[in-house]
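# Structure assessment
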Amino acid sequence: MDDHVHLTRRERQIMDVLYEQGEASVGEVRRALPNAPSYSAVRALMRKLLDKGHASYREEGTRYVYRPVLARNRARRSALQRVVNTFFDGSAADAVVGLLGNERNLTDEELARIRATLEKIKTSKS
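Residues numbered from 1 in each chain as written. Predicted model: local features only at pLDDT ≥ 70, side-chain atom pairs only at ≥ 80, totals over all residues. Heavy atoms only, no water.

### Section: the pattern of salt bridges
Quick note on the threshold: Here, a salt bridge means any Lys or Arg side-chain nitrogen found within 4 Å of an Asp or Glu carboxyl oxygen. Starting at the N terminus, helices and strands are each numbered in turn, a helix being any DSSP run of H or I of at least four residues and a strand any DSSP run of E of at least two. Burial status follows relative accessibility: with a 1.4 Å probe on protein chains alone, a residue under 20% of its type maximum counts as buried, one over 50% as exposed, and anything between as partly exposed.
Within the structure shown, the criterion is met by six salt bridges. A salt bridge links Arg58 to Glu23, with the nearest nitrogen and oxygen atoms 2.4 Å apart. You can see Arg58 sitting in strand β1 (residues 55-60) and its partner Glu23 sitting in the loop between α1 (9-21) and α2 (26-32), a full 35 residues away along the chain. Take Arg58: its relative accessible area is 29%, and that puts it in the partly exposed class. Accessibility expressed as a relative area gives 29% for Glu23, which makes it partly exposed. A salt bridge links Arg58 to Glu60, with the shortest nitrogen-to-oxygen separation between them at 3.0 Å. Residue Glu60 is classed as partly exposed on the basis of its relative accessible area of 32%. Within this structure, Glu23, Glu28, Arg58, Glu60 and Arg63 form a network of salt bridges that share partners.

Right under this line is the structure:
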């Protein structure tokens with residue numbers, strides 16, 4: 001499901017809360033949102049996310065507890081692909097260079113992990 005592209009800013013913010021918390025009630029989502037709209041507005045947005053197939057819910061007593069439908073790693077890949085396509089003209093290499101620019105000091109462990117991943121990619125192409 002790559003429909004995350006079609007989410008509004010507020011819907012994306014709600015999905016971010018659900019991914020961060022794993023699951024949450026409307027009240028919990030509302031408390032986590034910046035400049036949160038009314039409880040009714042958040043409930044209506046949750047309904048839209050249900051209708052679009054991005055969230056599901058379970059009943060817990062008198063409240064509904066919502067969770068994302070798409071696994072976090074699939075959502076992460078989809079979001080990264082959107083960023084690469086939008087800001088780096090589809091070039092994963094340019095995105096990596098952009099992320100690893102001078103702004104960030106990488107630890108030796110992080111560099112080793114990056115090297116190992118690059119080596120794995122290189123050997124799998126051989």
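### Some thoughts on helix α3 (residues 39-51)
The criterion, for reference: By definition here, a helix of n residues has an expected span of 1.5 Å times n minus one. This arc describes the spread of directions from the helix axis toward the C-beta atoms. By the convention used here, residues are in contact when the closest approach between their heavy atoms is within 4.5 Å.
With 13 residues, α3 ought to run about 18 Å at 1.5 Å a step, and its terminal C-alpha atoms sit 18 Å apart, in line with that. For α3, every residue scored as buried is listed here: Val42, Leu45, Met46, Leu49 and Leu50. One side of α3 holds all its buried residues, which, seen down the axis, span an arc of 150°. Its buried side turned inward, α3 meets α1, α2, β1 and β2 (63-68). Where α3 ends, the next residue or the one after it, Gly53, has phi of about 85°, a positive value.

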